[in-house]
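Spelled out from the first residue to the last, the chains are:
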Amino acid sequence: MSKFYEVRRRDGAARIGKLLLTGRNRVQTVQTPLMLQVESLREKIEVINAEDSNFDEVLSSEETWITSRGTVLLPEVHPLFTKVKEAIPSLFVDFFVLSFASCLLNSPRDFVRRIVDARNAIPPDVALWVPAIASAENAALLFFMGADIIDDTNAVIKGHQGIYLLEEGNVRLSELADLPCNCSICSSLSIEELRGKDAKERASLIAKHNTLVLDKEVKKVKERIIAGNLREYVELKVRASTFSTAVLRILDTEEEEYFERRTPVARNQRLEANTMESLKRVEVKRFANRVLERYEPPKRKILLILPCSAKKPYSESPSHAKFIEAIENYRGYIHELILTSPLGVVPRELEMVYPAAFYDIPVTGYWDAEEREWVSSCLRAYLKNNLRNYELIVAHLSGAYKEICGSVATDLGIEVVFTCENNEEVTSKEALKRLKRRIAELCVERKRLSGFEVKANMIKAMADYQFGISTGAELIARKEGERVKITGKFPSYKLLDSGILARIVPAYGLLALTVKGARRILDSISSYKVEIDDFVPKGSILAPGVVNAGEQIRENDEIVFFGVKAFGVGRAKMSGWEMEESRKGVAIQVREVVRV
Ligand SMILES: [Zn+2]
């Protein structure tokens with residue numbers, strides 16, 4: 001619980017926050033991610049022999065750390081720590097300092113364990129300072145994991161050891177042929193001039209360069225959090241060292257829940273899957289899980305498996321327009337499933353949801369073993385779950401897609417009708433003709449899908465995907481005396497009876513409810529309800545106004561709120577657990593509210 005720290009924006013576990021710092025004589029508002037400049041430490045270091053790397057005495061000096069009001073050091077190694085930990089949630093502090101952080105660098109696993117444990121132990125609306133270990137190489141990773149404050153201690157110490165920080169690591173000044181940097185220090189002198197300075201001045205100049213490089217990195221991270229793509233930047237940055245790469249791999253395999261609790265369900269940016277680590281992203285796993293747990297395919301004679309397209313939503317791509325044209329007269333018998341990396345399988349009805357309509361992958365035709373295995377596992381699981389739904393499986397696939405589908409079919413002992421020859425383009429005239437002919441043979445008579453069916457299936461599937469199975473059917477069910485209809489052009493559909501019930505918001509890939517729509521499905525969306533205090537909210541609901549919130553709620557989830565005086569719908573701006581534990585910050589953006 002904090003008095004002076006407020007999280008304003010999130011990107012997974014990383015946050016942008018506002019912090020009030022009090023120095024000896026002044027109060028200052030600063031933004032996190034923040035790099036503190038340990039000026040007093042620098043002064044002390046300057047009187048120490050530049051080659052002396054033992055700074056323990058300086059670090060342990062009380063004056064070294066200008067602690068802010070309400071700072072608590074986390075004395076994790078102290079025998080009484082468990083007692084402190086129990087008391088933590090009730091303490092009114094603005095930030096915690098992870099003590100002895102330097103031992104985090106002993107192993108990637110310690111690094112993960114101690115930061116994640118610290119973040120889990122302290123309330124979400126309190127900042128976490130990980131002191132004395134930040135470098136330009138690991139800063140993005142630290143913020144990505146949930147640290148809010150770093151400092152330039154390590155950068156300054158490195159400077160005094162003659163070590164020059166680079167964005168991707170560090171190097172001894174003696175090993176450089178030139179200064180590969182344009183900061184104010186490096187552009188003011190040549191490497192020869194720098195080497196010619198006396199030890200004290202040289203150390204101070206390198207330290208300043210190091211601090212500037214670190215500061216630049218903090219600014220970059222801040223931009224990435226605002227853009228909502230810090231993960232992509234971290235995937236790029238960890239390549240700089242085996243240590244950082246190991247940290248990300250451990251986070252992805254062992255701390256899945258930590259990130260799942262903090263990752264938004266939808267965003268209005270694209271997800272770029274450029275590395276093998278992208279396959280392990282929470283967004284990817286969550287989508288794959290929900291296709292299995294929160295999706296019911298419509299009952300159809302044929303399952304048609306299609307390849308993905310670069311353009312999203314798939315329906316708007318030239319290749320899918322051709323597939324749809326080929327099967328149009330028989331679409332009433334067909335259920336379409338799109339095979340893709342890294343999402344696995346995307347049912348046609350879910351092509352608009354995040355991240356199905358929001359991802360990019362490098363397309364080369366080459367799939368490596370891990371990618372094949374992941375996509376195969378998604379297809380295998382889908383078929384196992386839904387095989388009884390279909391009489392026949394047809395696959396219009398070639399290349400790696402065809403190989404994956406073929407091997408899954410063999411595994412499961414099922415027959416698949418392939419409509420493409422090996423290495424034939426799926427959009428070639430011959431392949432499309434073959435698809436059309438095979439489908440006509442298998443279906444015998446024509447049956448088109450009505451426009452209403454296409455739209456209703458999408459709305460139903462999106463409601464199930466967001467709120468859980470069966471909500472979709474309830475939402476579109478015909479009520480006594482009312483006729484449900486759907487208006488709007490793809491994909492901006494609106495569901496109405498006597499008024500609007502829900503609409504698809506393509507910018508986020510979400511289905512947004514109205515109060516009228518929420519009332520229809522109230523009993524089956526208990527996980528997405530938020531109980532508020534006895535007030536009528538306007539604009540937004542702040543965290544202290546929340547009494548109870550569904551545990552499954554994540555940032556950008558569509559939610560229903562209710563209290564003694566009000567009932568309404570809106571979008572979550574933080575996770576449900578965070579709403580309950582925070583005393584500051586916007587919890588819900590209200591869209592519609594009525595007095596009760
Ligand atoms: Zn520089």
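About the criteria used
- Throughout this description, residue numbers start from 1 for each chain and increase along the sequence as written.
- In keeping with the model being predicted, local features are shown solely for residues with a pLDDT of at least 70 and side-chain atom pairs are shown and tallied solely at 80 or more, while totals for entire chains, interfaces and linings include all residues.
- Neither water nor hydrogens contribute to the side-chain values; these are computed over all heavy atoms in the structure.
- Strands are runs of DSSP state E lasting at least 2 residues, helices are runs of H or I lasting at least 4, and numbering of each runs from the N terminus.
- Exposed residues in this analysis have more than 50% of their type's maximum accessible area, buried residues have under 20%, and partly exposed residues fall in between, with area computed by a 1.4 Å probe over protein chains only.
- Only heavy atoms enter the contact rule, under which two residues are in contact if any of them lie within 4.5 Å.
- Here, Shrake-Rupley sampling with a 1.4 Å probe gives the accessible areas, and only protein chains in the shown set may cover a residue.
- What is meant by a nonpolar core is a set of buried Ala, Val, Leu, Ile, Met, Phe, Trp, Tyr and Cys residues, joined one to another through side-chain atoms within 4.5 Å.
- In this analysis a donor is any N, O or S atom within 2.8 Å of a metal ion (3.2 Å for sodium, potassium and calcium), and since water is not included, sites may seem incomplete.
- Metal sites are grouped by the angles between bound donors: all angles between 85 and 135 degrees with four donors is tetrahedral, opposite donors over 155 degrees apart with the others between 65 and 115 is square planar for four donors and octahedral for six, and any other pattern is irregular.
- Angles run from 0 to 180 degrees between N-to-C directions of axes, and those axes are lines fitted to C-alpha atoms, restricted for helices to the stretch in contact.
- These descriptions rest on fixed angle ranges, namely under 35 degrees for roughly parallel, over 145 for roughly antiparallel, 65 to 115 for roughly perpendicular, and the rest for oblique.
- Take the far helix as the reference: if the near one is turned anticlockwise from it by less than a right angle, the crossing is left-handed, and if turned clockwise, right-handed.
- In this classification, the charged set is Asp, Glu, Lys and Arg, the nonpolar set is Ala, Val, Leu, Ile, Met, Phe, Trp, Tyr, Cys and Pro, and all remaining amino acids, among them Gly, are polar.
- Should DSSP find at least two bridges between two strands, the strands are regarded as paired.
- The span expected for a helix works out to 1.5 Å for each residue beyond the first.
- In what follows, salt bridge is the name for a side-chain nitrogen of Lys or Arg lying within 4 Å of a carboxyl oxygen of Asp or Glu.
- Here a polar contact is recorded for every N or O atom pair within 3.5 Å, except that within protein the pair must consist of a potential hydrogen donor and a potential acceptor, and residues adjacent in sequence are included only if both atoms are side-chain atoms.
- The predictor rates its confidence in each residue with pLDDT, a number between 0 and 100.

**Side note on the overall build of the chain**
Regarding its fold elements, the chain presents 20 helices and 27 strands. Taken across its 596 residues, the chain has 57% of its residues classed as buried. Counting contacts in the chain only where the partners sit at least 6 residues apart, residues at least 24 apart contribute 66% of the total. For the chain, the accessible surface area stands at approximately 25,800 Å², while carbon and sulfur atoms represent 49% of it.

**Structural notes on the nonpolar core**
Judged by nonpolar contacts, the single largest core of 104 residues is most densely connected at Val530 and Met579. Per element, the largest residue contribution to this core is 8 residues, and it comes from helix 17 (residues 451–467). Residues in contact with Val530, not counting those within four places in the same chain, are Val546, Asn548, Ala549, Ile553, Ile559, Val560, Phe561, Phe562, Met579 and Ile588. Of all hydrophobic cores here, the second largest spans 46 residues; its members include Val126, Ile133, Met145 and Leu165.

**Some details on the coordination of the zinc ion**
Taken together, the protein ligands of the zinc ion are Cys181 (SG), Cys183 (SG), Cys186 (SG) and His209 (ND1), with distances of 2.1 to 2.3 Å. In this structure, the zinc ion is surrounded by 4 donor atoms whose angles at the metal cover 98 to 118°, and the resulting shape is tetrahedral. Mapped onto the sequence, the residues coordinating the zinc ion show the spacing C-x1-C-x2-C-x22-H. Within this pair, whereas Cys183 is found in the loop between strand 10 (169–172) and helix 7 (191–196), its partner His209 is found in helix 8 (residues 199–227), the two being separated by 26 residues in sequence. Taking the relative accessible area as the measure of exposure, Cys183 reaches 12% and is therefore buried. Residue His209 is classed as buried on the basis of its relative accessible area of 2%.

**Comments concerning the packing of helix 4 (residues 108–121) against helix 10 (residues 242–254)**
Remark: helix 4 packs on helix 10, axes separated minimally by 8 Å, with the N-to-C direction vectors making an angle of 55°. On the basis of their axis angle, the class for helix 4 and helix 10 is oblique. Our pair here, helix 4 against helix 10, has a crossing hand that is right-handed. Residue-level inspection shows Pro108, Arg109, Phe111, Val112 and Val116 of helix 4 in contact with helix 10, the latter providing Phe243, Ala246, Val247, Ile250, Leu251 and Glu254. Residue classes in the contact of helix 4 with helix 10 are distributed as 9 nonpolar, no polar and 2 charged.

**Comments concerning the packing of helix 13 (residues 318–327) against helix 16 (residues 429–443)**
Where helix 13 contacts helix 16, the two axes come as close as 8 Å, and the packing angle between them is 35°. Classified by chirality, the crossing of helix 16 by helix 13 is right-handed. Between helix 13, through Lys322, Phe323, Ala326 and Ile327, and helix 16, the contact on the second element is made entirely by Leu432, Leu435, Lys436 and Ile439. Looking at the contact of helix 13 with helix 16 residue by residue, the class counts come to 6 nonpolar, no polar and 2 charged.

**Re the sheet that holds strand 21 (residues 510–513)**
Taken in spatial order, the 4 strands of this open sheet run 18-19-20-21, and their pairing is antiparallel. Only two strands of the sheet have a single neighbouring strand rather than two, namely strand 18 (485–487) and strand 21. Averaged over neighbouring strand pairs, the angle between their axes works out to 20° when direction is ignored. Of the strand pairs in this sheet, strand 19 (residues 494–496) and strand 20 (residues 500–505) are connected by 3 bridges, and their pairing is antiparallel.

**A look at the pairing of strand 9 (residues 163–166)**
Residue alternation in strand 9 divides its side chains into two sets, Ile163 and Leu165 and Tyr164 and Leu166, and both sets are buried. Bridge count between strand 9 and strand 10: 4 bridges; the pairing is antiparallel. Following the sheet pairing, Leu165 is matched in strand 10 by Asn170. Counting the residues in the hairpin turn of strand 9 and strand 10 gives 2 residues.

**A few points about the sheet that holds strand 22 (residues 529–532)**
Taking strand neighbours across the sheet as the criterion, the 6 strands line up as 23-27-26-25-22-24 in an open arrangement whose pairing is mixed. Sheet topology places strand 23 (540–542) and strand 24 (546–549) at the edges, where each strand pairs with a single neighbour. With strand direction ignored, the average angle separating the axes of adjacent strands in the sheet is 35°. Here 3 bridges tie strand 23 to strand 27 (residues 586–595), and the two strands are oriented antiparallel to one another. Paired with Leu542 across the strands is Val586, a residue of strand 27.

**Considerations on helix 17**
A rise of 1.5 Å per residue sets the reference length of helix 17, with its 17 residues, at 24 Å; its end C-alpha atoms lie 24 Å apart and thus fit the reference within 8%. Restricting attention to buried positions, one finds in helix 17 the residues Ala456, Asn457, Met458, Ile459, Ala461, Met462, Ala463, Asp464, Tyr465, Gln466 and Phe467.

**Section: the pattern of salt bridges**
If you walk through the whole model with that rule in mind, you get 38 salt bridges. Notably, a salt bridge pairs Asp464 with Lys460, separated by 3.8 Å at the nearest N-O pair. With Asp464 and Lys460 both in helix 17 and 4 residues apart, this pair spans about one turn of that helix.

**A look at helix 8**
Residue pairs three or four apart in sequence face the same way in an α-helix, which turns once every 3.6 residues. For helix 8, spanning 29 residues, the distance from its first C-alpha to its last is 42 Å, which sits close to the expected 42 Å at 1.5 Å a residue. Capping the start of helix 8, Asp198 holds a side-chain oxygen 3.0 Å from the backbone nitrogen of Lys200, two or three residues further along. Trailing helix 8 by a residue or two, Gly228 shows a phi angle of about 75°, which is positive.

**Describing the confidence of the model for the chain**
As a note on interpretation, predicted positions should not be read in detail where pLDDT is low. Per-residue confidence for the chain gives a mean pLDDT of 90, with 90% of residues at or over 70. Of the regions scoring below 50 in pLDDT, residues 42–56 engages in 25 contacts with residues more than four places distant in sequence or in other chains. Across residues 61–71 the pLDDT falls below 50, and counting only partners more than four positions away or on other chains, this stretch makes 30 contacts in the model.

**Regarding the environment of Gly169**
As for its position among the elements, Gly169 is in strand 10. Each C-alpha atom, one on Gly169 and one on Ala136, is 7.1 Å from the other, the two residues being 33 residues apart in sequence. Leave out the neighbours within four places in its chain, and Gly169 touches Glu137 and Tyr164.

**Topic: the pairing of strand 14 (residues 344–347)**
With 4 bridges joining them, strand 13 (residues 334–340) and strand 14 adopt antiparallel strand pairing. When the bridges of strand 14 are listed, Thr340 appears paired with Gly344. Connecting strand 13 to the next strand, strand 14, in antiparallel fashion are 3 residues.

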